[in-house]
Amino acid sequence: MSGTRQNIQYALALVPESRGEAPVRGLQGTEPPVAKPIPESPACEEHLMEEVCARGNIVRAWKRVRSNKGGPGVDGMTIEDAKAYLREHWPNIRSQLLSGTYQPQPVKRVEIPKPDGGVRKLGVPCVVDRLIQQALRQVLQERWDPTFSEHSYGFRPGRSAHQAVVQAQRYIAEGYSIVVDLDLEKFFDRVNHDGLMARVAARLSDKRVLRLIRAFLKAGVRRMVWSVRWTRGRRKAVRSRPSSAISCLTISIRS
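How each quantity is defined
Going along each chain's sequence as written, the residues are numbered from 1 onward. This being a predicted model, a pLDDT of at least 70 is required before a residue's local features are given, and a value of 80 or more before pairs of side-chain atoms are given or counted; all residues contribute to the totals for chains, interfaces and linings. Computation of side-chain values: all heavy atoms of the structure, hydrogens and water removed. Helix numbering and strand numbering both begin at the N terminus, where a helix is a DSSP run of H or I of at least 4 residues and a strand a DSSP run of E of at least 2. A simple rule labels every residue: compare its accessible area, found with a 1.4 Å probe on the protein chains alone, to the largest value its type can have, and call it buried under 20%, exposed over 50%, or partly exposed in between. Being paired, for any two strands, means DSSP has found at least two bridges between them. Residues enter a nonpolar core if they are buried and are Ala, Val, Leu, Ile, Met, Phe, Trp, Tyr or Cys, with the set joined through side-chain atoms within 4.5 Å. The rule for a salt bridge is simple: a side-chain nitrogen of Lys or Arg has to be within 4 Å of a carboxyl oxygen of Asp or Glu. Two residues form a contact once any of their heavy atoms are found within 4.5 Å. Pairs of N or O atoms are called polar contacts if they sit within 3.5 Å, as long as, within protein, a hydrogen donor faces a hydrogen acceptor (for residues adjacent in sequence, only side-chain-to-side-chain pairs). Multiplying 1.5 Å by the residue count of a helix minus one yields the expected span of that helix. Arc, as used here, means the arc of the directions from the helix axis to the C-beta atoms. Each patch is built from salt-bridge-free residues with over 30% relative accessible area, joining like charges within 9 Å and nonpolar side chains (Val, Leu, Ile, Met, Phe, Trp, Tyr) within 5 Å. Method for areas: the Shrake-Rupley scheme with a 1.4 Å probe, in which residue coverage is limited to the protein chains shown. Asp and Glu are treated as the negative residues and Lys and Arg as the positive ones, with His and the ends of the chain left uncounted. Positions of charges follow a simple convention, taking NZ of Lys, CZ of Arg, CG of Asp or CD of Glu. Put simply, two rings from Phe, Tyr or Trp (the six-membered ring, in Trp's case) pair if the centres are within 6.5 Å, and we call them stacked under 30 degrees between planes, edge-to-face over 60, tilted for the rest.

A. Structural detail: the overall build of the protein chain. Helix and strand content of the protein chain: 10 helices and 5 strands. Put simply, the protein chain has 255 residues, and 31% of those count as buried.

B. Spatial organisation of the pairing of strand β1 (residues 107–113). Buried residues dominate β1, accounting for 5 of its 7 residues. Note: β1 against strand β2 (residues 119–124), 6 bridges, orientation antiparallel. If you follow Glu111 over to β2, its bridge partner there is Lys121. Between β1 and β2, which pair antiparallel one after the other, the connecting turn spans 5 residues, and Gly117 there sits at a positive phi close to 100°.

C. Molecular detail of the nonpolar core. Membership of the largest hydrophobic core comes to 34 residues, with the highest contact counts inside it found for Ile93, Leu97, Ile132, Leu204, Leu212 and Ile213. Where this core is concerned, the elements lending two or more residues are α3 (48–53), α4 (55–68), α5 (79–99), α6 (127–144), α9 (193–201) and α10 (207–217). Sorting elements by how many residues they give to this core places α6 first, with 9 residues.

D. Focus on the pattern of salt bridges. Counted under the stated rule, the structure contains 6 salt bridges. Between Glu51 and Arg143 there is a salt bridge; the shortest N-O distance is 2.8 Å. Taken together, the residues Glu51 in helix α3 and Arg143 in helix α6 connect sequence positions 92 residues apart. Residue Glu51 is classed as partly exposed on the basis of its relative accessible area, which comes to 29%. Classification of Arg143 as buried rests on a relative accessible area of 11%.

E. Examining α9 more closely. The complete set of buried residues in α9 reads His193, Gly195, Met197 and Val200. The secondary structure elements touched by the buried residues of α9 are α6 and α10. By the N-cap criterion, in which a side-chain oxygen at the helix start approaches the backbone nitrogen of a residue two or three places on, α9 is capped by Asn192, the distance to Asp194 being 3.0 Å.

F. The arrangement of unusual backbone geometry in detail. One non-glycine residue, Lys69, adopts positive backbone phi at about 60°. Inspection of the secondary structure puts Lys69 in the loop between α4 and α5.

G. Layout of α4. For α4, built from 14 residues, the straight-helix expectation of 20 Å at 1.5 Å per residue is met to within 8% by its first-to-last C-alpha distance of 20 Å. Of the residues making up α4, those classed as buried are Asn57, Ile58, Ala61, Trp62 and Val65. Mapping the buried residues of α4 onto a view down its axis gives an arc of 135°, with all of them on the same face. Each element contacted by the buried residues of α4 is listed here: α3, α5 and α6. Downstream of α4 by one or two residues, Lys69 has phi in the positive range, about 60°.

H. Spotlight on a positive patch on the surface. Together, Lys114, Arg120, Lys121, Lys186 and Arg190 line one region of the surface with positive charge. Its location among the elements puts Arg120 in strand β2. Here Arg120 falls in the partly exposed class, since its relative accessible area comes to 44%.

I. Structural view of the packing of aromatic side chains. Under the counting rule described, the total for this entry stands at 1 aromatic pair. Aromatic pair Tyr171 and Tyr176: ring centres 5.3 Å apart, planes at 65°, arrangement edge-to-face. According to the relative accessible area criterion, Tyr171 is partly exposed, its value standing at 30%. On the accessibility criterion, Tyr176 (21% relative accessible area) is partly exposed.

See below:
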């Protein structure tokens, strides 16, 4: 057992049993303070898609997609294939984005069996769609991240689960003894798209961006089923024949 883990357990053991949640000092509300949103002019918001398609933003997005690697989507196009494809077709793709007519391809759904039963569902967008999603994320993240809770650590630039653990250790040192751990099971599979889009629309007014986000949500999936065979004591996933496209319930544009 590492020294850090021993210190954490020792700190927990020192907390008196009669002590529960320490009172929150200062603010009385249950929602932690957040940074004030950066004001945006209506004219700026109306030209959000131009920012998404700007050369510098696209170049930065491509570098991120390439560094993340990842396999091809339903079109079978690899990252290397996409590099040549984009040289030829990017002007047309950009024109579709600016006109609000771009239609993403279905997501490749891969289902990998879990050892204890059930399946783990993975969604693999096409490389071109990953590029567009990343470019959109970069623009929205710069606007929205400063408005998120200072106590939020998930899927945010410069933040990690390790920082959340460090903060939990500080709470222990301050005298907290109750930890609540919860998870919204299959949230992105079940989130109401209309409710989600209503909240997004409250933050931006570029109709083309709103149409693009909804198009990703409703792009559909093509399901790929993987079987598992054992080879010399090791599990190996083997892809079987894909089924027809089905209605998409989720695609996450991470923020």
